[in-house]
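Spelled out from the first residue to the last, the chains are:
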Amino acid sequence: MVEDLSPYLPLSAATLHVLLALAGEDRHGYGIMQEVARQSEGQYKLGPGTLYDNLQKMMSQGMVEEAPSPRDNDDPRRRYYRLTRFGRAVLAADVTRLEGVVRRARLDLRPASLRPAERRAK
Amino acid sequence: MTRAIYAFLLRLHPPDFRRRFAAEMLWIFDQAHVSEGALVLLFDLFISALRQWLMRSGVWKAMLALAGAAIQVIAFGVGGIASLRHAALRHPDAEMTPLLSDLMLLTLWSFGIVFVGVFVSASWVTRFNRRRLTPRKRP
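Residues numbered from 1 in each chain as written. Chains lettered and ligands numbered in written order. Predicted model: local features only at pLDDT ≥ 70, side-chain atom pairs only at ≥ 80, totals over all residues. Heavy atoms only, no water.

Moving on: the overall build of chain B. From N to C terminus, chain B includes 5 helices and 0 strands. Along the chain direction, N to C, the helices and strands of chain B fall in the order α-α-α-α-α. For chain B, with 139 residues in total, the buried portion stands at 31%. Nonlocal contacts in chain B, meaning residues at least 24 apart in sequence, comprise 64% of its contacts between residues at least 6 apart. Element-wise, carbon and sulfur atoms account for 72% of the exposed surface of chain B, whose accessible area totals about 9500 Å². (Helix = DSSP H or I, 4+ residues; strand = E, 2+ residues; numbered from the N terminus. Buried < 20%, exposed > 50% of the residue type's maximum accessible area, 1.4 Å probe, protein only. Contact = heavy atoms within 4.5 Å. Areas by Shrake-Rupley, 256 points an atom, 1.4 Å probe, with all protein chains shown as cover.)

Bringing the interface of chain A and chain B into the picture now. Across the boundary between the two partners, chain A contributes 25 residues, which contact 25 residues of chain B. Regarding the contact of chain A and chain B, the summed buried area is about 2500 Å², with carbon and sulfur atoms giving 53% of it. On the chain A side of the contact with chain B, Tyr30(A), Gln56(A) and Arg77(A) bury the most area, a combined 27% of that side's loss. Where chain A meets chain B, there are 2 salt bridges. Linking Asp53(A) and Arg51(B) is a salt bridge whose minimum nitrogen-to-oxygen distance equals 2.9 Å. Summed over the shared surface of chain A and chain B, the result is 8 residue pairs in polar contact (both at pLDDT 80 or more). For the side of chain A that touches chain B, the elements supplying multiple residues, two or more each, are helix 2 (29-39) and helix 3 (48-61) of chain A. Among the elements that line the side of chain A that touches chain B, the one with the most residues is helix 3 of chain A, at 10 residues. Here the residues of the side of chain A that touches chain B sort into 8 nonpolar, 9 polar and 8 charged. (Buried area = accessible area lost by both parts, 1.4 Å probe. Salt bridge = Lys/Arg side-chain N within 4 Å of Asp/Glu carboxyl O. Polar contact = N/O pair within 3.5 Å; in protein donor to acceptor, adjacent residues only side chain to side chain. Nonpolar A, V, L, I, M, F, W, Y, C, P; charged D, E, K, R; others polar.)

In this section: the sheet that holds strand 3 (residues 80-83) of chain A. With respect to topology, 3 strands assemble into an open sheet ordered 1-3-2 (chain A), the strand pairing being antiparallel. Each edge of the sheet is formed by a strand with only one pairing partner; in this case those strands are strand 1 (27-28) and strand 2 (64-67) of chain A. (Pairing = 2+ DSSP bridges.)

Let us now look at the pattern of salt bridges. By the definition in use, this model includes 12 salt bridges over all chains. Among the ionic pairs, Arg27(A) bridges to Glu25(A), the shortest N-O distance being 3.7 Å. Accessibility expressed as a relative area gives 46% for Glu25(A), which makes it partly exposed. Ionic pairing is found between Arg3(B) and Asp30(B), a salt bridge with its closest N-O pair at 2.8 Å. Here Asp30(B) lies in helix 2 (residues 15-36) and Arg3(B) lies in helix 1 (residues 2-11), a separation of 27 residues in the sequence. One salt-bridge network, held together by shared partners, links Glu25(A), Arg27(A), Glu35(A) and Arg38(A).

This brings us to unusual backbone geometry. Residue and element names in this part refer to chain A. Of note, the bond from Leu9 into Pro10 is cis; its omega dihedral lies within 30 degrees of zero at -5 degrees. Among the secondary structure elements, Pro10 is positioned in the segment before helix 1 (13-24). Its identity is not glycine, yet Glu41 carries a phi of approximately 55 degrees, on the positive side. As for its position among the elements, Glu41 is in the loop between helix 2 and helix 3.

This brings us to a nonpolar patch on the surface. Residues and elements named next belong to chain B. On the surface, a cluster of nonpolar side chains totalling about 910 Å² of accessible area is made up of Phe43, Phe46, Ile47, Leu50, Trp53, Leu54, Met55, Trp60 and Leu64. Of all the secondary structure elements, the ones that give two or more residues to the nonpolar patch are helix 3 (38-56) and helix 4 (59-90). In terms of residue count, helix 3 provides more of the nonpolar patch than any other element does, 7 residues in total. In this structure, Trp60 sits in helix 4. (Patch = residues over 30% accessible without salt bridge, like charges linked within 9 Å, V, L, I, M, F, W, Y side chains within 5 Å.)

With that settled, consider the nonpolar core. The biggest cluster of nonpolar side chains holds 42 residues, and the ones touching the most others in it are Ile32(A), Tyr52(A), Val64(A), Tyr81(A) and Tyr6(B). Among the secondary structure elements, those contributing two or more residues to this core are helix 1, helix 2, helix 3, strand 3 and helix 4 (85-109) of chain A together with helix 1, helix 2 and helix 3 of chain B. It is helix 2 of chain B that provides the largest number of residues to this core, a total of 9 residues. Ala62(B), Ala69(B), Val73(B) and Val114(B) belong to the second-largest nonpolar core, a separate cluster that totals 6 residues. (Core = buried A, V, L, I, M, F, W, Y, C linked by side-chain atoms within 4.5 Å.)

Mapping Thr50(A) onto the fold places it in helix 3. When neighbours within four sequence positions are excluded, Thr50(A) is seen to be in contact with Ala14(A), Asp44(B) and Arg51(B).

Structure, rendered in structure tokens:
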């Protein structure tokens, strides 16, 4: 059965970046912060307050869950998080939505002479 | 010093959030305060505390209810006092003081009842949110 994901979309910038950071591998909180900064080339930085506020919300919505630590002797204060199947589906749906936005923006931002004739006629 | 302030701000978060994430957040502060800037992290945490209480805990509903009730009680009290003054001007010989004090007492009691009501409903909302925020299993 296909679940209606529209109530969860569009994702906020913070939620989108956190889900993206967890899409590749399980990470702890500080790892998520670093991955978000790396993926956005330093243009978007999450503080711990924003991160855990969003993590709490995503965990309550079932998009993210806690994961076991990959190392036995890891610092117990470091807890790992991973994407659930539902979280991955929401992320994919938002990426598809964003692709549509980018496609539309590219069309509209082209010089008028390069736009399709029917659009110019409007 | 900044670490102590950070720990203090963590204590200002709702108990559920604090129990779940505080140790981890303090660990991140230890790791990141040099690279990210302690003030930036403190500001982020301050905003987080506000957001947690106002948006996630349901306390805003209780605050709104309290404000609405207070406005009603004050409006009732002020209206009552105004009508008594008006009556006093029309009938200067009438004894007004006991009635006025009764009205003030009634207002105070109303405040008390409203406050207790809001406190009970806020506790209920907090318990409800605690249950709601436990992770759900999805197929």
